[in-house]
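# Topology and contacts: notes
One-letter residues, chain by chain:
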Amino acid sequence: MASHSEHHALLASLRWQIAMGADEAILEEAAPRARRTAPPPAPAPERGPEPVRGAAAPVARKATPHGEAAAALAEKASTLDELRDAMAGFTGSPLRETATNLVFGDGIPGAPVMVIGEAPGAEEDRQGKPFVGASGQLLDRMFASIGLNRAESLYITNILPFRPPGNRTPTDAEISLFLPFVLRHVALARPRLLVLAGGVAAKGILQSREGITRLRGRWHQVSILGDKVLMAMPTLHPAYLLRNPIAKRDAWADLLMLQRAMNDGGIGAKEKP
Ligand code: URA
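Computed from a predicted model, the values in this text were never measured in an experiment.

Attention now moves to helix H3 (residues 80-89). Along H3, the residues classified as buried are Leu80, Leu83, Ala86 and Met87. Angularly, the buried residues of H3 cover 120° about the axis, an arc narrow enough to put them on a single face. For H3, the exposed residues set more than 90 degrees away from the buried face come down to Asp81 and Asp85. Close packing links the buried residues of H3 with helix H2 (65-76), strand E3 (154-158) and helix H7 (172-189).

Turning next to empty space enclosed by the protein. Counting across every chain of the model gives 2 cavities of 30 Å³ or more. The volume enclosed by the second largest cavity comes to roughly 40 Å³. For the second largest cavity, the full set of lining residues is Met87, Thr157, Asn158, Ile159, Pro161, Phe178, Phe181, Val182 and His185. Of all the elements in the fold, those that place two or more residues in the lining of the second largest cavity are E3 and H7. Considering only residue class, the lining of the second largest cavity consists of 6 nonpolar, 3 polar and no charged.

We now examine the environment of Ala74. By the secondary structure assignment, Ala74 is in helix H2. Given the relative accessible area of 2%, Ala74 is considered buried. It is 9.5 Å that separates the C-alpha atoms of Ala74 and Phe178, two residues lying 104 residues apart in sequence. Discounting chain neighbours no more than four positions away, the residues touching Ala74 are Leu83, Pro180, Phe181 and Arg184.

Our focus in this paragraph is the pattern of salt bridges. Close approach of charged atoms allows side chains of opposite charge to pair. Per the counting criterion, the structure on display carries 8 salt bridges. When the shortest N-O distance is used, the salt bridge between Arg218 and Glu210 registers 3.3 Å. Exposure remark for Arg218: the relative accessible area of 35% places this residue in the partly exposed category. We classify Glu210 as partly exposed; its relative accessible area is 30%. Among the ionic pairs, Arg216 bridges to Asp254, the shortest N-O distance being 2.8 Å. Taken together, the positions of Arg216 in the loop between helix H9 (212-215) and strand E5 (220-225) and Asp254 in helix H11 (residues 248-264) put the pair 38 residues apart, joining distant regions of the chain. For Asp254, a relative accessible area of 1% translates into the label buried. When salt bridges that share partners are traced, they join Asp106, Asp140 and Arg150 into one network.

Along its 18 residues, H7 runs 25 Å from first to last C-alpha, staying within 8% of the 26 Å computed at 1.5 Å per residue. Leu179 marks the point of greatest bend in H7, at about 45°, and the proline Pro180 comes within the next four residues. Of all the 18 residues making up H7, 13 are buried; the element is thus mostly covered by neighbouring parts of the structure. Arg190 sits one or two positions beyond H7 and adopts a positive phi of about 45°.

A word on the nonpolar core. Within soluble globular proteins, side chains that are nonpolar generally end up buried alongside one another. The biggest cluster of nonpolar side chains holds 70 residues, and the ones touching the most others in it are Val115, Ile116, Phe143, Ile159, Leu194, Ile205 and Leu258. Broken down by element, this core gets its largest block of residues, 9 residues, from H7. Leaving out residues up to four positions away in the same chain, Leu194 has contacts with Met114, Ile116, Val186, Ile205, Trp219, Val222, Ile224, Leu230, Met231, Ala232 and Met233.

This part is about the side chain of Asn158. When you line up the elements, Asn158 lands in strand E3. Taking relative accessible area as the criterion, Asn158 reaches 5% and is therefore assigned buried. At a separation of 3.1 Å, a polar atom in the side chain of Asn158 contacts the main-chain amide nitrogen of Glu118. Those residues in contact with Asn158 that lie beyond four places of it in its chain are Val103, Ile116, Gly117, Glu118, Ala119, Pro120, Pro130, Phe131 and Val182.

A separate point is the site of the ligand. Around the ligand, the surrounding shell holds 10 residues, and the nearest of these are Glu118, Ala119, Phe131, Asn158 and His237. Between the ligand and Asn158 there is a distance of 2.8 Å, counted from a nitrogen atom to a side-chain nitrogen or oxygen. The protein chains hide 100% of the 230 Å² of surface that the ligand would expose on its own. Grouping the amino acids of the shell around the ligand by side-chain chemistry returns 3 nonpolar, 4 polar and 3 charged.

Criteria and cut-off values
Residues numbered from 1 in each chain as written. Predicted model: local features only at pLDDT ≥ 70, side-chain atom pairs only at ≥ 80, totals over all residues. Heavy atoms only, no water. Buried < 20%, exposed > 50% of the residue type's maximum accessible area, 1.4 Å probe, protein only. Helix = DSSP H or I, 4+ residues; strand = E, 2+ residues; numbered from the N terminus. Arc of directions from axis to C-beta. Contact = heavy atoms within 4.5 Å. 1 Å grid on protein atoms, 1.4 Å probe; cavity = no way out; pocket = protein on both sides within 12 Å on 5 of 7 lines; lining within 4 Å. Points joined across faces, edges and corners; volume = space filled by probe spheres on them. Nonpolar A, V, L, I, M, F, W, Y, C, P; charged D, E, K, R; others polar. Salt bridge = Lys/Arg side-chain N within 4 Å of Asp/Glu carboxyl O. Expected span 1.5 Å × (residues − 1). Bend = angle between axes of the 7 residues up to and from the residue. Core = buried A, V, L, I, M, F, W, Y, C linked by side-chain atoms within 4.5 Å. Polar contact = N/O pair within 3.5 Å; in protein donor to acceptor, adjacent residues only side chain to side chain. Near = heavy atom within 4 Å. Areas by Shrake-Rupley, 256 points an atom, 1.4 Å probe, with all protein chains shown as cover.

This is the structure we're talking about:
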């Protein structure tokens with residue numbers, strides 16, 4: 001008989017499979033062809049990154065007047081409301097002119113897990129909330145399968161607070177410009193663990209040369225919380241998973257590592273030695 005924790009893992013796995021669209025059990029023997037139903041149509045492509053493969057260049061961190069202004073504004077903010085106001089008033093990026101809304105964050109500030117995505121898409125821009133389109137729905141189902149949700153245990157933001165026109169991928173200059181705001185956002189939200197959804201978030205936060213397919217699946221230390229080391233798990237972006245369902249098993253492995261870390265309490269913000 002399965003132990004309590006095996007039972008828990010099996011249930012989580014089943015929830016994930018249902019969330020991923022599995023609607024029938026796999027039989028011991030192959031079903032006759034005629035009985036097989038046609039696969040559902042592929043979901044419409046949404047905004048979101050291709051994983052950065054190989055040795056992607058790290059984000060260039062050149063000092064620019066706008067970058068310095070962003071850093072000064074971010075540093076001055078001592079609450080999330082102040083940070084939101086500072087970002088809304090920041091005029092150093094043309095993205096602000098083409099976006100409908102500032103997309104700041106959603107969920108519970110102070111939640112144990114903070115997710116950082118790439119940038120708002122059309123629906124997020126309309127609603128002023130991160131991850132509310134198709135990839136956001138997948139993201140919600142993924143986290144629900146390990147018992148996490150925006151109402152209690154998740155806080156979500158993006159590297160860019162404004163939608164890039166046409167959902168194009170953020171440039172290195174844009175990532176670098178908004179990074180002081182994101183880092184301050186994390187420092188003020190004080191999560192126990194970070195999840196970096198996709199290559200842009202991983203590249204920005206980890207300042208890494210490596211692509212997401214190499215970075216994912218292990219914990220990375222980041223120094224954002226002053227005297228504390230914060231652990232970050234890069235994983236595949238849900239928009240990528242919608243286009244590449246085979247990669248869902250990697251995302252599931254990442255989520256199980258997150259769940260284990262949450263349950264063990266073994267990984268989280270640790271005092272620096
Ligand atoms: N993709 C992202 O990275 N963020 C969103 O908020 C929506 C889609």
